[in-house]
Amino acid sequence: WVAKTDGPVQKPYFSQCVTVVPVYVDRQKGEIKLFNVWCPEKKKRHWAFPGGDILRGADRNLFDAARREFWDEVGVFFGMKWSDCFVSDLPHENVDLETLND
């Protein structure tokens, strides 16, 4: 898929991977929390956000890739899909990201 770069020019570029950064906003405490996962492999121990490569032929769009990566790295361990964990589901069709919140 092709996405646009930030800035006034917004040149198109080829997308290879997707990263999911779940955010929780606690307005009463004035806190923003980011959900990440621990990679326990001995030589690679680190915290990271769920994500990975786009699978062409399997993922119809970036949203499919985000749902699949979230399931592979988080949901499968808790038996919960994206729609079980977030306030709203991701679109199922390819949409213009600029009009997503309209």
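Residues numbered from 1 in each chain as written. Predicted model: local features only at pLDDT ≥ 70, side-chain atom pairs only at ≥ 80, totals over all residues. Heavy atoms only, no water.

**Examining the packing of aromatic side chains**
And step 1. Applying the stated rule across the entire model yields 4 aromatic pairs.
And step 2. Geometrically, the ring pair formed by W38 and W47 is tilted, given 5.3 Å between the ring centres and 55° between the ring planes.
And step 3. With 5.5 Å between their ring centres and 75° between their planes, F70 and W82 make a pair best called edge-to-face. In this pair, F70 sits in helix 1 (residues 62–78) while W82 sits in helix 2 (residues 82–85), placing the two residues 12 residues apart along the sequence. (Phe/Tyr/Trp six-rings, centres within 6.5 Å; stacked < 30°, edge-to-face > 60°. Helix = DSSP H or I, 4+ residues; strand = E, 2+ residues; numbered from the N terminus.)

**Quick look at the pairing of strand 5 (residues 31–34)**
Across a regular strand the side chains alternate sides, sitting on one face of the sheet and then on the other.
And step 1. Across 4 bridges, the pairing between strand 4 (residues 23–26) and strand 5 is antiparallel. The partner of V23 across the bridge, within strand 5, is L34.
And step 2. Joining the antiparallel neighbours strand 4 and strand 5 is a turn of 4 residues, in which G30 adopts a positive phi near 70°. (Pairing = 2+ DSSP bridges.)

**As for the side chain of D26**
And step 1. Mapped onto the elements of the fold, D26 is located in strand 4.
And step 2. Here D26 sits buried without a salt bridge, and the closest side chain of opposite charge, K29, lies 4.5 Å off (N-O distance).
And step 3. Polar side-chain contacts of D26 include one of 3.2 Å to the backbone nitrogen of Q28. (Buried < 20%, exposed > 50% of the residue type's maximum accessible area, 1.4 Å probe, protein only. Lys, Arg positive; Asp, Glu negative; His and termini not counted. Salt bridge = Lys/Arg side-chain N within 4 Å of Asp/Glu carboxyl O. Polar contact = N/O pair within 3.5 Å; in protein donor to acceptor, adjacent residues only side chain to side chain.)

**Observations concerning the environment of D53**
And step 1. Take D53: it is sitting in strand 8 (residues 51–53).
And step 2. On the basis of relative accessibility, which here comes to 45%, the residue D53 falls in the partly exposed class.
And step 3. Apart from residues no more than four positions distant in its own chain, D53 is found in contact with Q16, C17, R68 and E69. (Contact = heavy atoms within 4.5 Å.)

**Considerations on the pattern of salt bridges**
Opposite charge on two side chains makes pairing possible when the charged atoms of those side chains draw close.
And step 1. Throughout the structure, instances matching the rule amount to 8 salt bridges.
And step 2. Of the charged contacts in the structure, one is a salt bridge between E41 and K44, with a shortest N-O distance of 3.9 Å.
And step 3. Across the salt bridge formed by E69 and R68, the nearest N and O atoms sit 2.9 Å from each other.
And step 4. Assessed through its relative accessible area of 8%, E69 is described here as buried.
And step 5. A relative accessible area of 19% places R68 in the buried class.
And step 6. Through salt bridges with shared partners, one network takes in D59, R68, E69 and D72.

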